[in-house]
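# Examination of the molecular architecture
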Amino acid sequence: MTRLVIVDDDPMVRTGLRLILGGEPDLDLVGEAGDGRQAMGVIRDLRPDVVLMDIRMPHQDGLTTTELLLAQPDPPRILVLTTFDADDMVLRALRLGADGFLLKDTPPPKMIEAVRTVAKGEPVLSPSIARQVIAAATTGGEPPQAPRELAKLTEREREVAIEVARGKSNAEIAGHLHMSVATVKANITRIFAKLGSDSRVQVAMKVRDAGLL
């Protein structure tokens, strides 16, 4: 059973998320909060596995709340919610270590799938949003170190890194490259270590900077 907390300042959004997620037998919606300050206490008391975190909220925004939560021991997985798919605050949240983000109008089946994916420890980054996030982060031109960093990868690791940059999940990468999911995970672990990255977004930006997309 995956324990969930919803953090959003809009009561209608929280109601909608309750209706989408509350009926799933493996998801337990244990609490809600209307802003970041309230969320800190709710999450401390209820210790959820996954937090659905709005970005723009009064009193304390989702970015600050994400940073504070991820600085604590054994933090929950953070799935950022946003209305806009080109929000610079989303990129900042992912750099802080958030596990992924969804548009608030994501179809219910996809949202349920995303929560389950994040709960398993796999990040969620839809291809359409990934492209915009990467583009926003690379408008300054191609850093000369990116090709050198990607040269550290083996040919197979480079193939996996490119698929990560295209926003594919581990299962999709496994199917496309004819690998097991476990082998994909092992490759991604090595990629993170060689590139000095701690998120799929950072890997994707380096792939884009190196001109491999």
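Structural data are supplied above this passage.
What this report covers is the structure whose coordinates are included nearby. (Residues numbered from 1 in each chain as written. Predicted model: local features only at pLDDT ≥ 70, side-chain atom pairs only at ≥ 80, totals over all residues. Heavy atoms only, no water.)

## Details of the overall build of the protein chain
Our working definition: The way it works is that DSSP assigns letters per residue, a run of H or I at least four long becomes a helix, a run of E at least two long becomes a strand, and they are numbered from the N terminus. Only protein chains enter the accessibility calculation, which uses a 1.4 Å probe; a residue whose area is less than 20% of its type maximum is buried, one above 50% is exposed, and one in between is partly exposed. Here, residues are in contact when the closest pair of their heavy atoms is within 4.5 Å. In this description, accessible areas are obtained by the Shrake-Rupley approach with a 1.4 Å probe, and a residue is regarded as covered only by the protein chains that are shown.
Secondary structure summary: the protein chain contains 11 helices and six strands in total. Looking at the 213 residues of the protein chain, the share that counts as buried comes to 47%. Excluding contacts between residues fewer than 6 apart, the proportion of contacts in the protein chain whose partners are at least 24 apart in sequence is 65%. By element, 52% of the accessible surface of the protein chain is carried by carbon and sulfur atoms, the whole surface being about 10200 Å².

## Observations regarding the pattern of salt bridges
Note the threshold: Each reported salt bridge corresponds to a side-chain nitrogen of Lys or Arg within 4 Å of a carboxyl oxygen of Asp or Glu.
As enumerated under the stated definition, the model contains 16 salt bridges in all. In this structure, the salt-bridge partner of E157 is K194, at a minimum N-O distance of 2.8 Å. In this pair, E157 sits in helix α8 (residues 155-165) while K194 sits in helix α10 (residues 181-195), placing the two residues 37 residues apart along the sequence. When its relative accessible area of 30% is taken as the criterion, K194 is described as partly exposed. Each of D8, D54 and K104 takes part in one network of salt bridges that share partners.

## Description of the sheet that holds strand β1 (residues 2-7)
Put simply, the rule reads: Each pair of strands is called paired provided DSSP finds at least two bridges between the two strands.
With parallel pairing, the six strands of this open sheet are ordered in space as β2-β1-β3-β4-β5-β6. If you trace the sheet from one side to the other, it starts and ends with β2 (27-33) and β6 (124-125), each paired once.

## Things to note about the nonpolar core
It is characteristic of soluble globular proteins that their nonpolar side chains tend to be buried jointly. For the record, the criterion: By nonpolar core we mean a set of buried residues, namely Ala, Val, Leu, Ile, Met, Phe, Trp, Tyr and Cys, connected to one another through side-chain atoms within 4.5 Å.
If you look at the biggest cluster of nonpolar residues, it comprises 22 residues, and the most contacted ones within it are V7, V51, M53, I78 and V80. Secondary structure elements with two or more residues in this core: β1, α2 (36-46), β3 (50-54), α3 (62-70), β4 (77-82), α4 (88-96) and α11 (200-209). A total of four residues in this core trace back to one element, the largest contributor, which is α2. Every residue in contact with I78, bar those within four places of it in the chain, is listed here: V51, M53, T66, L69, L70, A98, D99 and G100.

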